[in-house]
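This is what each chain is made of:
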Amino acid sequence: MVEGSGGTATASPPRPPDGRGGGADGGRKRGARTGAAGSVLVAAVLVAVLAGPWVEAAFGLAAFGAWRTLLVAIVVQGVPFLLLGTVVSAAIGAFVPARVFSRALPRNPVLAVPVAGAAGAVLPGCECASVPVAGSLMRRGVAPAAALTFLLAAPAINPVVLVSTAIAFPGSPEMVAARFGASLVTSVVMGWLWIRWGREEWLRLPKGHPEHGPGASRLAAFRRGLQHDFLHAGGFLVVGAMAAATFNVLVPPSVLEVFSESPWLGVLVAAVLAVLLSVCSEADAFVAASFTGFSPTARLAFMVVGPMVDMKLIALQSGAFGRAFAVRFSAATFVVAVLCCVLVGGVLL
């Protein structure tokens with residue numbers, strides 16, 4: 001296990017190279033491959049934008065135009081917050097001593113988890129920003145359970161998200177309170193579940209960048225860390241955006257109306273929609289408000305599940321922490337979030 005309920009709130013020391021490409025040389029090779037793949041995917045978006053009108057005219061593919069528009073919208077929506085997250089991540093790795101986090105968080109991981117969840121309220125970013133920051137926190141010695149709690153809470157309960165929710169649902173403060181409560185409870189429960197049942201082999205702990213070794217200045221470490229994290233995460237953002245845009249184009253709205261009349265089925269459908277549509281957490285409240293055929297609890301599920309489990313976030317988690325982790329963690333988060341929405345919605349809505 002990475003940690004236990006009676007341990008400290010710091011991660012285990014990095015494991016030695018295992019003969020499968022570990023160490024500085026292996027890290028450089030993996031980083032180069034990841035950066036190259038990210039650059040190719042980002043370039044693919046540029047090609048789609050520039051060549052899109054020609055493809056539509058030459059082949060009469062009107063659906064491609066819609067797909068291209070949605071892809072660009074999702075990427076443009078996420079890139080500013082992804083950049084914010086990578087800047088914060090690189091700054092933490094280059095300038096913040098590890099002892100700062102050991103002093104700020106309780107030594108007991110069980111207590112560190114709710115503190116990390118509450119700390120998520122201070123970062124005004126979306127889920128794209130939370131992944132690189134959580135990875136940087138783990139590299140600086142923060143317990144994975146606390147870092148993962150922060151990853152889930154930051155895009156869901158920060159002030160920008162809560163204000164946008166209040167604007168999207170005027171005269172309904174109970175919806176804002178329900179979103180805050182369900183999101184915070186979900187993130188804390190997931191942190192505690194990781195302490196109890198999480199396994200070290202599921203989580204590929206982020207390694208420090210090779211350039212951060214002795215002899216590298218802090219500014220050089222910041223610049224190289226920023227470049228590495230942005231290219232790494234940017235490629236996976238594009239993958240998630242492509243999947244979300246494809247769903248939007250292929251599935252007609254009439255299909256969704258069939259399920260909105262059932263309160264229980266509507267909650268599940270709204271939660272699945274949040275995963276597939278991949279709307280940024282700062283804007284998802286306005287999308288949820290437009291789902292007039294769904295119940296208030298279903299709309300709550302859309303706003304709670306989306307910032308914690310969506311296509312681009314799953315892709316980002318796979319790139320940062322490994323596919324095995326992303327599959328298990330996303331599935332468990334989806335179930336916990338839906339249950340919390342049903343409970344909180346039943347009380348407040």
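Residues numbered from 1 in each chain as written. Predicted model: local features only at pLDDT ≥ 70, side-chain atom pairs only at ≥ 80, totals over all residues. Heavy atoms only, no water.

K.L.:
How would you explain the confidence of the model for the protein if you had to name every residue and give the values?
P.N.:
Per-residue confidence for the protein gives a mean pLDDT of 75; residues scoring 70 or more make up 66%. Across residues 1–8, confidence stays below pLDDT 50; counting only partners more than four residues off in sequence or on other chains, it has 26 contacts. (pLDDT = per-residue confidence, 0-100. Contact = heavy atoms within 4.5 Å.)

K.L.:
Which residues make up the packing of helix α5 (residues 127–139) against helix α14 (residues 311–321), and what values go with them?
P.N.:
Helix packing geometry: the angle between the two helix axes and the distance between the axes. Taken N-terminus to C-terminus, the directions of α5 and α14 make an angle of 20°; their axes are 9 Å apart at the nearest point. Taken together, the axis directions place α5 and α14 in an arrangement best described as roughly parallel. Along this stretch, α5 crosses α14, giving a crossing that reads as right-handed. Facing α5, whose interface residues are Glu 127, Cys 128, Val 131, Ala 134, Gly 135 and Met 138, α14 presents Lys 312, Leu 313, Leu 316, Gln 317, Ala 320 and Phe 321. By residue class, the composition of the contact of α5 with α14 is eight nonpolar, two polar and two charged. (Axes fitted to C-alpha atoms, helices over the stretch in contact; angles between N-to-C directions. Helix = DSSP H or I, 4+ residues; strand = E, 2+ residues; numbered from the N terminus. Parallel < 35°, antiparallel > 145°, perpendicular 65-115°, else oblique. Left-handed = near helix turned anticlockwise from the far one by under 90°. Nonpolar A, V, L, I, M, F, W, Y, C, P; charged D, E, K, R; others polar.)

K.L.:
Give me the lowdown on the packing of aromatic side chains, citing residues and values where you can.
P.N.:
Within this structure, the stated rule accounts for four aromatic pairs. Ring centres 4.8 Å apart and planes at 20° place the aromatic pair Phe 325 and Phe 329 in the stacked group. Residue Phe 325 and its partner Phe 329 are both found in helix α15 (residues 323–348); the two are separated by four residues, about one turn of the helix. Each member of the pair, Phe 325 as well as Phe 329, is classed as buried. What links up through ring pairs into an aromatic cluster is the set Trp 194, Trp 202, Phe 321, Phe 325 and Phe 329. (Phe/Tyr/Trp six-rings, centres within 6.5 Å; stacked < 30°, edge-to-face > 60°. Buried < 20%, exposed > 50% of the residue type's maximum accessible area, 1.4 Å probe, protein only.)

K.L.:
If you had to explain helix α7 (residues 159–168) to someone new, which residues and values would you point to?
P.N.:
Given 3.6 residues per helical turn, the α-helix brings residues three or four places apart onto the same face. Among all positions of α7, only Val 161, Leu 162, Ser 164, Thr 165 and Ala 168 are buried. The buried residues of α7 occupy an angular sector of 160° when the element is viewed end-on, so they sit on one face. Of the surrounding secondary structure, the elements contacted by the buried residues of α7 are α6 (144–157), α8 (173–197), α12 (284–289) and α13 (296–305). One side-chain oxygen of the residue at the start of α7 lies 3.1 Å from the amide nitrogen of Val 161, identifying that residue as Asn 158. (Arc of directions from axis to C-beta. Polar contact = N/O pair within 3.5 Å; in protein donor to acceptor, adjacent residues only side chain to side chain.)

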